[in-house]
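# Coordinate analysis (summary)
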Amino acid sequence: MHHGKKHRAEVAKSLPEWERMFIAYKELKKQVKLIRAGIDQGNLEAEDMGFTLLLDRELNKINTFYIDKEEDYIIRFRELEIMAQNLNGREEMLEVLKDILSFHAEMVMLLHYSVINFTGLMKIVKKHKKHRGASDESPPYMPRVLQQPFFSTDLLYNLIKGCEAILIRLSPPNDP
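Residues numbered from 1 in each chain as written. Predicted model: local features only at pLDDT ≥ 70, side-chain atom pairs only at ≥ 80, totals over all residues. Heavy atoms only, no water.

## Observations regarding the overall build of the protein chain
The condition that has to hold: Secondary structure is summarised from DSSP: a helix means a run of H or I of at least four residues, a strand means a run of E of at least two, and numbering begins at the N terminus for each. The buried label applies to any residue whose accessible area, calculated with a 1.4 Å probe on protein chains only, is under 20% of its type's maximum; exposed applies above 50%, and partly exposed to all values in between. Contact between two residues is taken to exist if any of their heavy atoms lie within 4.5 Å; hydrogens are not considered. Using a 1.4 Å probe, the Shrake-Rupley method yields the accessible areas, and only the shown protein chains count as cover for residues.
The number of helices and strands found in the protein chain is 6 helices and 0 strands. Helices (α) and strands (β) of the protein chain occur, in sequence order from the N terminus, as α-α-α-α-α-α. Out of the 176 residues belonging to the protein chain, those deemed buried represent 38%. Contacts in the protein chain between residues far apart in sequence, at least 24 positions, make up 80% of those at least 6 positions apart. Accessible surface computed for the protein chain: about 11000 Å², of which carbon and sulfur atoms make up 55%.

## Focus: the packing of aromatic side chains
Applied cut-off: Note on ring pairs: Phe, Tyr and Trp rings are taken, using the six-membered ring of Trp, and paired if centres are within 6.5 Å. Classes follow the plane angle, with under 30 degrees stacked, over 60 edge-to-face and the rest tilted.
Tallied over the entire structure, the rule returns 5 aromatic pairs. Between Trp18 and Phe65, the aromatic rings sit 5.2 Å apart at their centres with planes inclined by 80°, giving edge-to-face as the arrangement. One end of the pair, Trp18, is in the loop between α1 (3–14) and α2 (25–40); the other, Phe65, is in helix α3 (residues 44–85), with 47 residues separating them in the sequence. Residues Trp18 and Phe65 agree in their burial class; the two are buried. Between Phe65 and Tyr113, the ring centres sit 5.0 Å apart and the planes meet at 55°, which makes this aromatic pair tilted.

## A look at the environment of Ile74
Tracing the backbone shows Ile74 in helix α3. By relative accessible area, Ile74 is classed as partly exposed at 28%. Put simply, Ile74 and Leu156 are 82 residues apart on the chain and 8.9 Å apart in space, counted from C-alpha to C-alpha. Filtering out sequence-adjacent residues up to four positions away, Ile74 remains in contact with Leu155 and Leu159.

## Details of the side chain of His104
You can see His104 is positioned in helix α4 (residues 90–132). With residues up to four places along the chain from it excluded, the contact list for His104 reads Ile160, Cys163 and Glu164.

## Side note on a positive patch on the surface
The line we're drawing: Excluding any residue in a salt bridge, patches collect residues exceeding 30% relative accessible area, merging like charges within 9 Å and nonpolar Val, Leu, Ile, Met, Phe, Trp and Tyr side chains within 5 Å. The term salt bridge refers to a side-chain nitrogen of Lys or Arg lying within 4 Å of a carboxyl oxygen of Asp or Glu. Only four residue types enter the tally: Lys and Arg on the positive side, Asp and Glu on the negative side, with His and both chain ends excluded. Working definition for charges: the position is that of NZ of Lys, CZ of Arg, CG of Asp or CD of Glu.
A surface patch of positive charge is lined by Lys5, Lys26, Lys29, Lys33 and Lys123. Element by element, the count of residues in the positive patch is highest for α2, at 3 residues. Its location among the elements puts Lys33 in helix α2.

## Examining the packing of α4 against helix α6 (residues 154–170)
Formally: For helices, the fitted axis covers only the stretch in contact; all axes are lines through C-alpha atoms, and the angles between them, taken along N-to-C directions, range from 0 to 180 degrees. For this classification, under 35 degrees means roughly parallel, over 145 means roughly antiparallel, 65 to 115 means roughly perpendicular, and everything else is oblique. It is the rotation of the near helix from the far one that decides the hand of a crossing: anticlockwise by less than a right angle makes it left-handed, clockwise makes it right-handed. In the scheme used here, Gly and all other residues not listed as nonpolar or charged are polar, with Ala, Val, Leu, Ile, Met, Phe, Trp, Tyr, Cys and Pro taken as nonpolar and Asp, Glu, Lys and Arg as charged.
The interhelical angle for the contact between α4 and α6, taken along N-to-C directions, is 155°, at an axis separation of 10 Å. Relative to α6, α4 is oriented roughly antiparallel. You can see that α4 and α6 cross each other, and the crossing is left-handed. Where α4 abuts α6, its residues Met93, Val96, Leu97, Ile100, Leu101, Phe103, His104, Met107, Val108, Leu110 and Leu111 lie against Leu156, Tyr157, Leu159, Ile160, Cys163, Glu164, Ile166, Leu167 and Leu170. Its residues assigned to classes, the contact of α4 with α6 comprises 18 nonpolar, 1 polar and 1 charged.

## Remarks on the environment of Gly162
Mapping Gly162 onto the fold places it in helix α6. Along the backbone, Gly162 and His104 are 58 residues apart, and their C-alpha atoms lie at a distance of 9.5 Å.

## Brief notes about the nonpolar core
As a reminder of what qualifies: What is meant by a nonpolar core is a set of buried Ala, Val, Leu, Ile, Met, Phe, Trp, Tyr and Cys residues, joined one to another through side-chain atoms within 4.5 Å.
Of all hydrophobic cores here, the largest spans 43 residues; its most connected members are Trp18, Tyr73, Ile100, Met107, Leu110, Tyr113 and Leu156. Looking at this core, the elements that each hand over two or more residues are α2, α3, α4 and α6. Broken down by element, the residue count for this core peaks at 15 residues, all from α4. Excluding residues that lie within four positions of it along the chain, Trp18 makes contacts with Val11, Phe65, Lys69, Tyr73, Glu106, Met109, Leu110 and Tyr113.

Shown next as structure tokens:
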């Protein structure tokens, strides 16, 4: 099993509602194969346009999902921070720790989601370039792909680090 398929299966198993939110790699691959047929039939521009439109649709889907998750995570993090500051007893602390660990795991899955989609995009762009017979220059949409919100994971990393800081603060010290 390829690396990307393995991680995608892991995320889909843990969070099945995310499964349709990944890049439609197979559909993009079919579109790339049509480009070769378009070259042979002198219809490259139409097939190239089909690929570009599908790529744009997939980028929009991935970004919308990623941004929505980030927004939800900001709110959830603030709620967990407040809960961690206002603990009333050991039972409540254990519940908050459990919630933070679960939340942390979900954010790590979103990082996997980002990496899997970025890897898929890079692979499909490479296939597109190869089938199109393009030179070594990058396709015109490549700079745009590299600036997508789902590829900017700084906020997500900060939220993960924030959860880790709360966990450290709430965890009992290790007595020797």
